[in-house]
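# What the coordinates show
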Amino acid sequence: QVRLVESGGGLVQPEGSLRLSCAASFNIFRFNGMNWYRQAPGKERELVAVIFNGGSTKYADFVKGRFTISRDSAKNTVYLQMNSLKPEDTAVYYCNTQPVVSAYWGQGTQVTVSS
């Protein structure tokens, strides 16, 4: 069964850090890359970061310089290191493949940034 399982979220104070993990039940190199998305209450889901198979990365402007996407190929796991977190980063964070496969959306992991 194809699955993506996100973990690592939680409650953190502004300027704090979290590292999210996305464990895939398949070889992540089957696709062009892997994405992290997020969805805040009442808002559309938005792309946060992408890591392509060749290792190149892209970030949304609102996380550049603060978030880093990486992967462990042997574990088929993708990470999102989030530093200098802001209250506006509060959202449910999801991973998916690049290109996105709708059937692969998981439960996500909640990140709450609040003092």
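As the structure is a computational prediction, the values presented were derived from the model and not from experiment.

## Brief notes about the nonpolar core
- Residues Trp-36, Leu-80, Met-82 and Tyr-93 are the most contacted members of the largest nonpolar core, which totals 29 residues.
- For this core, the secondary-structure elements that each account for two or more residues are β3 (18-24), β4 (33-39), β5 (46-52), β7 (67-72), β8 (77-82), β9 (91-98) and β10 (109-113).
- Of all the elements, β3 adds the most residues to this core, at four residues.

## Description of the pattern of salt bridges
- This model, assessed by the stated rule, comprises four salt bridges.
- Salt-bridge contacts for Asp-61 lead to Lys-64; the nearest nitrogen and oxygen are separated by 3.2 Å. Grouping residues by exposure puts Asp-61 and Lys-64 together as exposed.
- The closest approach of N and O atoms between Arg-66 and Asp-89, which form a salt bridge, is 2.7 Å. Note that Arg-66 is positioned in the loop between β6 (57-59) and β7 and Asp-89 in the loop between β8 and β9, a separation of 23 residues in sequence. Note on accessibility: Arg-66 and Asp-89 belong to one class, buried.
- Each of Arg-38, Glu-46, Arg-66 and Asp-89 takes part in salt bridges that share partners, so that together they form one network.

Criteria and thresholds
- Residues numbered from 1 in each chain as written.
- Predicted model: local features only at pLDDT ≥ 70, side-chain atom pairs only at ≥ 80, totals over all residues.
- Heavy atoms only, no water.
- Core = buried A, V, L, I, M, F, W, Y, C linked by side-chain atoms within 4.5 Å.
- Buried < 20%, exposed > 50% of the residue type's maximum accessible area, 1.4 Å probe, protein only.
- Helix = DSSP H or I, 4+ residues; strand = E, 2+ residues; numbered from the N terminus.
- Salt bridge = Lys/Arg side-chain N within 4 Å of Asp/Glu carboxyl O.

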